[in-house]
Amino acid sequence: WQWLAPSVAAALLFFAVLGYNQPSMQQSLPNTDYVAVLTDNTGVATLTALTTADNKNMWLKWENITLKEDTNLQLWAISKRDGETRPIAVFENTSTAQLALDEAEWRLVTDSSFLLLTEEEVGGSAIDEPSEVLLAKGACVRFSEPKT
């Protein structure tokens, strides 16, 4: 019994500390509202996009993308309401990790069924339509119900 009491006390202390720290660990994670994993034509993840409803930010996790010289990347949303494809953002490289969305861009994301990533001329598409060089596509999944 002499060895059992310290073991039980240590186990209880361990679980008490674990239970106490768990809520603070959850608060440090982003309150994700939407997620899209964009994959290339072979199924390899190219870009993961997470958004939050709290501050209308999009977090971007880029994978290995080879960008040709004198080109940019452009992110597009395909509306689930009308099927139209609309531009969200143009990227000169893959170093952008967070994108602040304005109200119009946020609405594009919340209304989208898919996100597309295309290769475009510098500055993005001049005609507001995606080029034929589709790098990746991914379905948008909403985690939370819309607030009314």
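1. Observations concerning the sheet that holds strand β7 (residues 112–121)
Okay, step 1: Overall, antiparallel pairing links the eight strands, which are arranged β5-β4-β7-β8-β1-β2-β3-β6 in an open sheet. Here the strands that pair on one side only, and so sit at the sheet edges, are β5 (85–91) and β6 (98–100). Strand-to-strand, the axes of this sheet are offset by a mean angle of 25 degrees, without reference to chain direction.
Okay, step 2: Alignment of strand β2 (residues 45–52) against strand β3 (residues 57–62), held across five bridges, turns out to be antiparallel.

2. Here we look at the pairing of strand β1 (residues 32–39)
Okay, step 1: Among the eight residues of β1, six are classified as buried, and the element is accordingly described as predominantly covered.
Okay, step 2: Pairing geometry for β1 and β2, over seven bridges, is antiparallel. Among the inter-strand pairings, A36 is bridged to a residue of β2, identified as A49.
Okay, step 3: Following β1, the chain reverses through five residues before pairing antiparallel with β2; G43 in that reversal takes a positive phi of roughly 90 degrees.

3. Regarding the pairing of β2
Okay, step 1: Counting buried positions over the eight residues of β2 gives six, a clear majority of the element.
Okay, step 2: The turn linking β2 back onto β3 is made up of four residues, and K56 within it adopts a positive phi angle of 55 degrees.

4. Things to note about the pattern of salt bridges
Okay, step 1: Summed over the entire model, instances satisfying the criterion amount to six salt bridges.
Okay, step 2: A salt bridge links K56 to E103; the shortest N-O distance between them is 3.8 Å. Here E103 lies in helix α2 (residues 103–110) and K56 lies in the loop between β2 and β3, a separation of 47 residues in the sequence.
Okay, step 3: Since its relative accessible area comes to 23%, K56 is described here as partly exposed.
Okay, step 4: Looking at E103, the relative accessible area reads 39%, which means it is partly exposed.
Okay, step 5: A salt bridge links D82 to R86; the nearest nitrogen and oxygen atoms lie 2.8 Å apart.
Okay, step 6: Note on D82: relative accessible area 35%, which makes it partly exposed.
Okay, step 7: One salt-bridge network, held together by shared partners, links K56, E103 and R107.

Conventions used here
Residues numbered from 1 in each chain as written. Predicted model: local features only at pLDDT ≥ 70, side-chain atom pairs only at ≥ 80, totals over all residues. Heavy atoms only, no water. Pairing = 2+ DSSP bridges. Helix = DSSP H or I, 4+ residues; strand = E, 2+ residues; numbered from the N terminus. Axes fitted to C-alpha atoms, helices over the stretch in contact; angles between N-to-C directions. Buried < 20%, exposed > 50% of the residue type's maximum accessible area, 1.4 Å probe, protein only. Salt bridge = Lys/Arg side-chain N within 4 Å of Asp/Glu carboxyl O.

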